[in-house]
Amino acid sequence: MTRYPGLVVAVAWSAALAAAVVLLPARPMVGVVAIAAAMPVAALAALLRPALLCLALAAALLGVGRAELPAADPLLPARAASLAGSVVAITGQVVDDGRPVGGGSEALVEPARIAIGGAAIHDIGDLMVRWRGPEQAGFADQVKAAGTLVLPRDMPTFDRRAYLAQRHVYLQLDATSFDVTRPGGGLGALPSWLRKRYTAAVDAALPAPHAAMLLGIVLGVRQGIPAALENALIATGLVHLLVLSGLKVAVFARMVQGALAPILGRLATWPALALIGLYALAGGATPAAIRASAMGGLAIAAANLGRPSHVWTSLAVTAAAMLGWRPELAWDVGFQLSFAGTVVFILLTPPITRRVRFLPHMLREPFAVTCAAQVGTLPMMATDFHVISPVGPIANALTLPILPFLVTSGLLLGALSFAPELARAIAIPIAGMLAYIEQVGYVLARAPGAAFTVPAFPNWLGLAYYSALGPAIGGAGASGHRRRAAFAAAAIAPVLISATALAAWANAPPQVMILDVGDGQAVLLRGPQGAILIDGGPSPAKLADGLGTQLPPWQRRLDALVITAPGLGHAGGLAGFDRAVNRVLVPGVALTGSAWRTAALEQLTRGAVIQQVVAGDILSVAGLELQVVAPERGAPGDVAGAAGVGLRVVAPGGRSFCDLSDLDLDAQTSAATRLRGPCTYLLLPNGGRSRLSPDLERVAVTTSTQLIASRSAGRLATGSPPHVLRTDQEGAITLPL
């Protein structure tokens, strides 16, 4: 340990900083205490041996301080959220390169002036601006825009709001007009200018989609790639080709050094470092590009100074510097994948390479590298991308050998923009290799078992995975009792973690989970004594995936199934439902349709009791109180929205969940007279496309009521508040009861 003090100190700083960012966000007092404690701890290094332990602890405390300080304005998020829905006009400066999204573009803007109806407002953080149209914005451009402020759109598989909040972005501007008033100037705008010039040169030399593929390979710009091709690359594990990775930075570094060394000799080091940094910036300054350029720069500088380089120290110092610069990178999946991939590449590639010596030399290393990367990053890929590709090593073995040539020739192609005819001639073999990569993706994506979709990968399972992988790797390189101890830890640790997580899962407090099932609804209630399913959504597959991620694997029986309405959005997912229930609750009116009847009869054959419910009934199921507020007796079952079940579910702690299904305005008005109190959570009718009746809104909704829309993508009803939770943006929504 004392042989590499820089490694120890950098790891302590990085680990403590990342843990503070993730586990203790925005705790300024923790940061003050940590910094105050770091000073005496560092002083102890003069008295205690080994001194490195005290220095590492001091670095860890300083890392906590860096994560927590400077203190953010605690009222900033609330102040920003209160302006959601306002129409504003802004001027400001782009502080990150714009990127294409969903038929338009978006850019992070630091506003200089924000006006609402002529009145200026301040201190609401930066804005994520989205607009449609051909206008493009780059770093340091001065812009003006007008539009509506909204809360940032979340994503079902990614907490985008939390990620943006780390960058002090709490609002998104959906712009109706967007203009660049003055292009950025100076050195800060150089990478954006180079990227635009290179994009124009490639588009002129190559046809689509080859031009888009080359842009992705050389600069990591994922723009204009057909959806079918991108899906094929994801399914075969080749999507990393469209990211500015360490391999591409290494190819660029060798090319630059080879060009400058014969001219400048030893003086070529510093211009080479500057060009490597510029290449990383032109590619969007992704965490992978910054990591690779920083590590490559350290190795080149060390060689020039005659000093040895140590890969682990370089990796740790690079991570420490990046986290010190931007602590929020601890949340960034690109940062996590880049460093985790580098670690497993160093540890696992050599032993895997030795075991695949039967492969040709050209294929052996790419195959081993890809296997190592998949083993080391499997939880991250499953969590963030929800796909695992068994054919990835084969696809990469077939494509990675030509990647250095593509990067080199692609960069040279951009330099020939002054001679377009020559560029198009040279682009012919490049187009052939790009077509080869595209066909590898298309063909292998169609292979049986090419990719497995992972709907959800819980954090505890990732922790269990790494608790087994780490000791196993250590044990493989050890001997004697250390080897046995490592393998024992690899077997015992994941079992303990899994058992603890499953026990906590089985004994979770009361919760309501609105499942992401598309254009329909399915709600799972977990009470102190069991579980209740309300409706099944339109798709059996989506319902099965949702229940599989929310219920322990041994819980195959539910206390009740409630079918609130006969439509396919409520009962379509119950076709072939493979879980048994104790009783089925259906509206006590003459409903039309066959899907709900089939689902109820299937449960009847398994021993369930079918019970009709009407307004005024109160039932106790799974430790929860179900207050039925609709339908009224004699309601017309053949009129949509008139005879659905409306529920107010009350937990022992007093929190309540109201499901109004597809009640029309008249049925809502009647239900309002039946409610025994307001709703803590309220599921909006018609997926949020319809407003509540005034009578129901007055009785059910308070200032603290959380509104929820279970739906596919689209607009909410006019006048809906900005804090509505939506399954099309949040994914499955879990709330405490």
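Above this text is the structure in question.
Residues numbered from 1 in each chain as written. Predicted model: local features only at pLDDT ≥ 70, side-chain atom pairs only at ≥ 80, totals over all residues. Heavy atoms only, no water.

Digging into the overall build of the protein
Item 1. When helices and strands are counted, the protein shows 25 helices and 23 strands.
Item 2. In terms of overall dimensions, the protein is globule-like: its C-alpha atoms have a radius of gyration of 29 Å, near the 27 Å expected for 737 residues.
Item 3. Seen through its principal axes, the protein has C-alpha atoms that stretch 95 × 70 × 60 Å.
Item 4. Scored against the burial criterion, the 737 residues of the protein give a buried share of 47%.
Item 5. For the protein, restricting intrachain contacts to residue pairs at least 6 apart in sequence, the fraction spanning at least 24 positions comes to 68%.
Item 6. A total accessible area of about 33300 Å² is found for the protein, and carbon and sulfur atoms account for 64% of it.
Item 7. Put simply, the protein has 53 plus and 41 minus side-chain charges, and the middle of one group is 11 Å from the middle of the other. (Helix = DSSP H or I, 4+ residues; strand = E, 2+ residues; numbered from the N terminus. Rg over C-alpha atoms; globule rule 2.2 N^0.38 Å. Buried < 20%, exposed > 50% of the residue type's maximum accessible area, 1.4 Å probe, protein only. Contact = heavy atoms within 4.5 Å. Areas by Shrake-Rupley, 256 points an atom, 1.4 Å probe, with all protein chains shown as cover. Lys, Arg positive; Asp, Glu negative; His and termini not counted. Charge placed at Lys NZ, Arg CZ, Asp CG, Glu CD.)

What to know about the pairing of strand 21 (residues 706–709)
Item 1. Side chains of strand 21 alternate between two faces, with Gln706 and Ile708 and Leu707 and Ala709 buried alike.
Item 2. Two strands pair when backbone bridges link them, and strand 20 (residues 681–683) and strand 21 are joined in this way by three bridges, in the parallel orientation. Considered in strand 21, the bridge of leucine 683 is made with isoleucine 708.
Item 3. Taken together, strand 20, helix 24 (residues 694–700) and strand 21 constitute a β-α-β crossover, and its handedness is right-handed.
Item 4. Here strand 21 pairs with strand 22 (residues 725–726) via two bridges, running parallel. When the bridges of strand 22 are listed, isoleucine 708 appears paired with leucine 725. (Pairing = 2+ DSSP bridges. Right-handed = clockwise from strand over helix to strand, strands pointing away.)

Description of the side chain of glutamine 172
Item 1. Here glutamine 172 lies in strand 7 (residues 169–182).
Item 2. Judged by its relative accessible area of 0%, glutamine 172 is buried.
Item 3. Within polar-contact distance, the side chain of glutamine 172 engages the side chain of aspartate 174 at 3.1 Å. (Polar contact = N/O pair within 3.5 Å; in protein donor to acceptor, adjacent residues only side chain to side chain.)

Some remarks on the pairing of strand 17 (residues 624–630)
On any regular strand, side chains alternate: one points to one face of the sheet, the next to the other face.
Item 1. For strand 17, a buried count of six out of seven residues is recorded, marking the element as mostly surrounded by other parts of the structure.
Item 2. Pairing analysis gives four bridges linking strand 16 (residues 618–621) to strand 17, with the strands arranged antiparallel. Across the sheet, residue serine 620 finds its bridge partner in strand 17, namely glutamate 625.
Item 3. Pairing between strand 17 and strand 18 (residues 646–650): five bridges, direction antiparallel.

Remarks on the nonpolar core
In a soluble, globular protein the nonpolar side chains are often hidden away together inside.
Item 1. Counting residues in each nonpolar core, the largest one holds 56 residues, and the members touching the most others are Leu206, Leu214, Ile217 and Tyr279.
Item 2. Per-element accounting of this core gives the leading share, nine residues, to helix 17 (residues 420–445).
Item 3. With residues up to four places along the chain from it excluded, the contact list for isoleucine 217 reads Leu241, Leu242, Lys248, Leu403, Leu406, Val407, Leu434 and Ile437.
Item 4. In terms of nonpolar packing, the next biggest core, distinct from the first, is built from 28 residues, Val512, Ile534, Ile708 and Leu737 among them. (Core = buried A, V, L, I, M, F, W, Y, C linked by side-chain atoms within 4.5 Å.)

Description of the packing of helix 15 (residues 392–399) against helix 17
A pair of packed helices is characterised by two quantities: the angle between their axes and the separation of those axes.
Item 1. At a closest axis distance of 10 Å, the pairing of helix 15 and helix 17 adopts a crossing angle of 165°. Overall, the two elements helix 15 and helix 17 adopt an arrangement that is roughly antiparallel. At the point where helix 15 passes helix 17, the crossing takes the right-handed sense. Contact with helix 15, carried on its side by Ile394, Ala395, Leu398 and Thr399, involves Tyr436, Ile437, Val440 and Leu444 of helix 17 and no other residues of that element. (Axes fitted to C-alpha atoms, helices over the stretch in contact; angles between N-to-C directions. Parallel < 35°, antiparallel > 145°, perpendicular 65-115°, else oblique. Left-handed = near helix turned anticlockwise from the far one by under 90°.)

Quick look at the environment of glycine 537
Item 1. Structurally, glycine 537 is set in the loop between strand 12 (530–534) and helix 20 (540–550).
Item 2. On a C-alpha basis, the gap between glycine 537 and arginine 711 in space is 9.8 Å, while along the polypeptide they are 174 residues apart.
Item 3. Residues contacting glycine 537, with those up to four places away along its chain left out, are Val517, Gln521, Ala522, Leu568, Gly569, His570, Ala571, Gly572 and Gly573.

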